[in-house]
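Structural overview for review
Each chain, letter by letter, is given below.
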Amino acid sequence: MLWDTPKPDLTAEAIQAARSSDAVILCMGLSPLLEGEEMKVQVPGFDKGDRMDIQLPSVQTELIKEIYRLGKPTVLVLLNGSALAFNWEAEHLPAIVEAWYPGQAGGTAIADVLFGDYNPSGRLPVTFYKSIDQIPAFENYDMQGKTYRYFTGEPLYGFGYGLSYSTFEYSWASAPDSIQAGDSLNISVNVKNSSRRAGDEVVQVYVSLHNTSLKVPVRSLQGFKRVHLKAGESRTVSFTLTPKQLSGRDEYTIQTVAPGQLHLSIGGRQPAGNPEDGNRFVRKNIKIQGDPYYIVE
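Residues numbered from 1 in each chain as written. Predicted model: local features only at pLDDT ≥ 70, side-chain atom pairs only at ≥ 80, totals over all residues. Heavy atoms only, no water.

**Concerning the side chain of K146**
Within the element layout of this structure, K146 appears in the loop between helix 4 (106–114) and helix 5 (147–150). For the buried residue K146, which engages in no salt bridge, the nearest side chain bearing the opposite charge is D142, 7.4 Å off. Excluding residues within four positions of it along the chain, K146 makes contact with Y129, P136, A137, N140, Y141 and F151. (Helix = DSSP H or I, 4+ residues; strand = E, 2+ residues; numbered from the N terminus. Buried < 20%, exposed > 50% of the residue type's maximum accessible area, 1.4 Å probe, protein only. Lys, Arg positive; Asp, Glu negative; His and termini not counted. Salt bridge = Lys/Arg side-chain N within 4 Å of Asp/Glu carboxyl O. Contact = heavy atoms within 4.5 Å.)

Rendered as C-alpha cells:
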C-alpha cells in the first residue's frame, strides 16, 4: 500500500521545474484515466469515458502555454491512441513527437529520438483533423468527408505525414504517358538522400482518378516501400500497380478501369501542393485509354 500527501498546486510545481531547466519535454495526451467504459470522469471534452471532442484536455493546453511563456526550448511528446487536435501547439512549439502508447521501452525509444541517437521515419496511419467540425456526424455512415480518401479540407497533419532528421529528393526514372484499361502500370522513381545523415524514407504512391463517371476517392495509397539511404546516396524504387488498384466503382458497384486521367503522386507523404514541397514529390498525369475493363471476383 502506498500513500502520499496531497499536492494541491501541481501546475505551480511543474512551472517551477521548467523554470529551473535548460529544456523542457512535455509528455501530454490521453490515458485510461480519461477514456474507458462508463467512467465517472468530470473533464471537459469527455462524457462517461467517451470523447466528445478531439482537442487536448484544456488543463494540458493551459499548462503548455504557461511553459511556453518561459521561453525555454520545448518538446511536446504526445501519448495517445487516436488522433488529436492541437492547433496552438503545432503553431508555436518547435518540436512535436507522436509516441502513441509505446509500451515499457517507450521512454528509451523517445529519448533515442530526442537526443539524435535514432533517426525517426514513422508515418501517421490516420488523419489528424484541426477540429471536430471537420468530421461528419458519427451517425452518418456515408464516407464523404471521412478519412484521407474522401476528406477535401486541410488537415492539421495528413495521413502518411512524418518527419526525419534526413531530407530526400525525388525524380522520375520511368513512367508511361498512357496505358490501356486493364493493363498493369509499371513506374520507377529516383530517391536521393540530400542530407548529411543516413536515414529511412517511406516512399508512398497515391492514385487519383479524374474525368471519370466512376465513384472514386479523392486519392488512395496504392503502394509504399521503406528504403534506407546513406548520406548522399540515391536509389531507384519501382512499383507495379494492378488494374484493381487503378479502378473505381460503376453505377452497379462493379470495380471498373475506365478511360480518363490517372494522376500519380509519389513522395514521402501525401501531395500537399505547397510551393515549399519543392522536389519532395513527383507527379504525373497518365491517360487511360480503350474500353472499360471490368474486374469481377
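Now that the structure is up, let's keep going.
**Considering the pattern of salt bridges**
Between side chains of opposite charge, a pair can form when the charged atoms approach closely. One pass over the full model with this rule turns up 6 salt bridges. A salt bridge links E201 to R123, with the nearest nitrogen and oxygen atoms 2.7 Å apart. Here E201 is found in strand 9 (residues 199–210), whereas its partner R123 is found in the loop between helix 4 and helix 5, with 78 residues between them in sequence. The pair E201 / R123 is uniform in exposure class, with both members buried.

**Structural notes on the environment of K284**
Looking at the element boundaries, K284 is found in strand 15 (residues 281–289). Distance in space between the C-alpha atoms of K284 and I266 is 9.1 Å, their sequence separation being 18 residues.

**Thoughts on the packing of aromatic side chains**
Counted under the stated rule, the structure contains 8 aromatic pairs. With 5.9 Å between their ring centres and 75° between their planes, W100 and F128 make a pair best called edge-to-face. Of this pair, W100 sits in the loop between strand 5 (95–98) and helix 4 while F128 sits in the loop between helix 4 and helix 5, and the two are 28 residues apart along the sequence. Residue F128 is classed as buried on the basis of its relative accessible area of 2%. Here the aromatic rings of Y157 and Y161 are separated by 5.1 Å at their centres, their planes lie at 40°, and the arrangement is tilted. On the basis of relative accessible area, Y157 is assigned to the partly exposed category, the value being 21%. An aromatic cluster is built from F86, W100, F128, Y157 and Y161, whose rings are joined through pairwise contacts. The lysine or arginine in question, K225, covers the ring of F239, its NZ or CZ lying 5.1 Å from the ring centre. (Phe/Tyr/Trp six-rings, centres within 6.5 Å; stacked < 30°, edge-to-face > 60°. Lys NZ or Arg CZ within 6 Å of the ring centre and 35° of its normal.)

**Comments concerning the environment of G162**
Along the chain, the position of G162 falls in the loop between helix 5 and strand 6 (168–174). Take G162: its relative accessible area is 16%, and that puts it in the buried class. With 107 residues separating them along the chain, G162 and R269 place their C-alpha atoms 7.3 Å apart.

**Overview of the nonpolar core**
Counting 26 residues, the largest nonpolar core has L185, V203, L262 and L264 as the members making the most contacts within it. Listing elements by their share of this core, those giving two or more residues are strand 6, strand 8 (185–193), strand 9, strand 10 (220–229), strand 11 (234–241), strand 14 (260–267) and strand 15. The residues contacting L262, other than those within four sequence positions of it, are L185, V207, S208, L209, L246, K284, N285, I286 and I288. Among the nonpolar cores identified, the runner-up in size contains 22 residues, and V24, L34, I67 and L156 belong to it. (Core = buried A, V, L, I, M, F, W, Y, C linked by side-chain atoms within 4.5 Å.)

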